[in-house]
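# Report on the structure
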Amino acid sequence: MDLGIAGKRALVCASSKGLGRGCAEALAAEGVHLVLNARGAEALEATAAHIRAAYGVEVVAVAADITTEDGRAKVLKAAGEVDILVNNAGGPPPGMWSDWERDDFIKALDANMLTPIALIKALVPGMIDRGWGRVVNITSGSVKSPIPVLGLSNSARAGLTGYVAGTSRQVAGKGVIMNNLLPGIHDTDRATSLDQGVAKADGSTIAEARKKREATIPAGRYGTAQEFGATCAFLCSQYAGFIVGQNLLLDGGAVNATL
């Protein structure tokens, strides 16, 4: 299937590895030119070089902390006009409700709610002027089914979800389509970190912790960055114009809900 986005330009945040990289590679495979961002310059440059060689698209790599005002300014200056925005940032650390103070919530909100909103406000006006755009926000399955130890993430991502619900409907008539992707457990560094936390709490090995978490997924496995990226690319495609303000779960059936 030709997704009809060859020659478009996309900014993909937190894209040196994991789900962000999966999205970047899927877009590149469709002929989309990329602006990649991550904090670690070495891993980012390696990813950029691989994508250039593998897909033959233009790739601009900008090492910066997208959650800071200076970092966003650096990325936006390098990005220029983009047709596609993929918002992504690592989630806050797990913990207990009694451990979190105001500063912890402010940090989580800055990374997982206010940064995506700032990028949307900066880039969507240009998309509107050109009459076409796509925004995909990578949030979490916890938006549908809260994860107790990820209270910081639950809170921040739910706030972004509410913002997108209204904003997506205000801009859809201008040709800008905005949706959220909600990953469950995928085989990434984030999953490994959470597996380590489970192993430590249970006194088990990481392999045992992973097997235990896989058992909670009807598909019986963790997701892959490649299949996640392919879904992201479809939501950025010419065929997604009637999908507005949706929250699409990619969790192997882990959230047990009718709707």
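Read on for an overview of the structure. (Residues numbered from 1 in each chain as written. Predicted model: local features only at pLDDT ≥ 70, side-chain atom pairs only at ≥ 80, totals over all residues. Heavy atoms only, no water.)

## Digging into the packing of helix α6 (residues 189-202) against helix α7 (residues 206-214)
Helix packing geometry: the angle between the two helix axes and the distance between the axes. Let me state the cut-off plainly: To get an axis, fit a line to the C-alpha atoms, keeping to the stretch in contact for a helix; angles then go from 0 to 180 degrees between the N-to-C directions. Numbering goes from the N terminus for both helices and strands, where a helix is a DSSP run of H or I of at least four residues and a strand is a run of E of at least two. For this classification, under 35 degrees means roughly parallel, over 145 means roughly antiparallel, 65 to 115 means roughly perpendicular, and everything else is oblique. Residue contacts are defined here by distance: any two heavy atoms, one from each residue, within 4.5 Å place the two residues in contact. Three categories are distinguished: nonpolar for Ala, Val, Leu, Ile, Met, Phe, Trp, Tyr, Cys and Pro, charged for Asp, Glu, Lys and Arg, and polar for the others, with Gly belonging to the last.
Where α6 contacts α7, the two axes come as close as 8 Å, and the packing angle between them is 105 degrees. Looking at the two axes, α6 sits roughly perpendicular to α7. Counted together, A191, L194, D195, Q196, V198, A199 and D202 of α6 and I206, A209, R210, K212 and R213 of α7 form the full contact between these two elements. The residue makeup of the contact of α6 with α7, split by class, is six nonpolar, one polar and five charged.

## Quick look at the side chain of N180
We count it as follows: Partly exposed describes any residue whose relative accessible area lies between the buried limit of under 20% and the exposed limit of over 50%, with all areas from a 1.4 Å probe on protein chains only and scaled to the type maximum. Polar contact is defined as a pair of N or O atoms within 3.5 Å, subject to the rule that within protein one atom must be able to donate a hydrogen and the other to accept it, and that residues adjacent in sequence are counted only when both atoms are side-chain atoms.
Relative to the helices and strands, N180 resides in strand β6 (residues 176-183). On the accessibility criterion, N180 (1% relative accessible area) is buried. Within the structure, the side chain of N180 is placed 2.8 Å from the side chain of N247, a separation counted as a polar contact.

## Topic: the environment of E42
Counting through the fold element by element, E42 comes out in helix α2 (residues 41-55). Accessibility expressed as a relative area gives 73% for E42, which makes it exposed.

Function cannot be read off these values alone, since they describe shape.
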